[in-house]
Amino acid sequence: MSKPLFDFDDGDFLFRSGDTAFDSDGNMMMRMSDNLAMDMDSGELHLTFSWDHEDE
């Protein structure tokens, strides 16, 4: 299991699997880059702590 990521925009942790993640509120996030994720419910972009590919 991957380490959780920190979402700087809402102060929450993301629990990831590949290029998707869920926060503790159940919101689904999609990886856009190493430090950017999109909230799939609202379409907002969130700044995250380094979200590297799992195979790197």
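Refer to the structure printed above.
Here, residues in each chain are numbered from 1, in the same order as that chain's written sequence. Under the rules for a predicted model, residues below a pLDDT of 70 receive no local features and side-chain atom pairs below 80 are neither given nor counted, while totals for whole chains, interfaces and linings still include all residues. Heavy atoms from the whole structure form the basis of all side-chain values; hydrogens and water molecules are not counted.

**Q** I would appreciate a short explanation of the overall build of the protein in the present structure.
**A** Helix and strand assignments come from DSSP, with helices taken as H or I runs of at least 4 residues and strands as E runs of at least 2, each series counted from the N terminus. A tally of helices and strands in the protein yields zero helices and six strands. Each helix and strand of the protein, ordered N terminal to C terminal, gives the series β-β-β-β-β-β. Computed over its C-alpha atoms, the radius of gyration of the protein comes to 10 Å, within 12% of the 10 Å expected for a compact globule of 56 residues. Projected onto its principal axes, the C-alpha positions of the protein cover 30 × 20 × 15 Å. For the protein, with 56 residues in total, the buried portion stands at 27%. Here, two residues are considered to be in contact whenever any of their heavy atoms come within 4.5 Å of each other. Restricting to contacts in the protein with at least 6 residues of sequence separation, those with at least 24 account for 26%. Residue burial considers only the protein chains on display, and all accessible areas are found by Shrake-Rupley using a 1.4 Å probe. For the protein, the accessible surface area stands at approximately 3,600 Å², while carbon and sulfur atoms represent 55% of it. A radius of gyration in this sense is built from C-alpha atoms; the matching globule rule multiplies 2.2 Å by the number of residues raised to 0.38. Exposure is judged per residue with a 1.4 Å probe applied to protein chains only, and the accessible area is read against the type maximum: over 50% gives exposed, under 20% gives buried, and values in between give partly exposed.

**Q** Any chance you could explain the side chain of Asp39 here in plain terms?
**A** With respect to the element layout, Asp39 can be found in strand β5 (residues 36-39). The term polar contact refers here to a pair of N or O atoms within 3.5 Å; inside protein, the definition further demands a hydrogen-donor-capable atom paired with an acceptor-capable atom, and it admits residues adjacent in sequence only when both atoms are side-chain atoms. Within the local environment of Asp39, its side chain forms a polar contact with the backbone nitrogen of Asp41, the two atoms lying 2.8 Å apart. Once residues within four sequence positions are removed from consideration, Asp39 is found in contact with Asn27, Met28, Met29, Glu44 and His46.

**Q** Please clarify how the packing of aromatic side chains should be interpreted in this entry.
**A** When we look at a pair of aromatic rings, we describe it by the centre distance and by the angle of the planes. Pairing of aromatic side chains requires ring centres within 6.5 Å, counting the rings of Phe and Tyr and the six-membered ring of Trp. Pairs whose planes differ by under 30 degrees are stacked, by over 60 edge-to-face, and all others tilted. Per the stated rule, a full pass over the model turns up two aromatic pairs. Measuring from centroid to centroid gives 5.3 Å for Phe6 and Phe13, while their planes differ by 70°, and the two rings are edge-to-face. Here the aromatic cluster, defined as three or more aromatic residues joined through ring pairs, consists of Phe6, Phe8 and Phe13.

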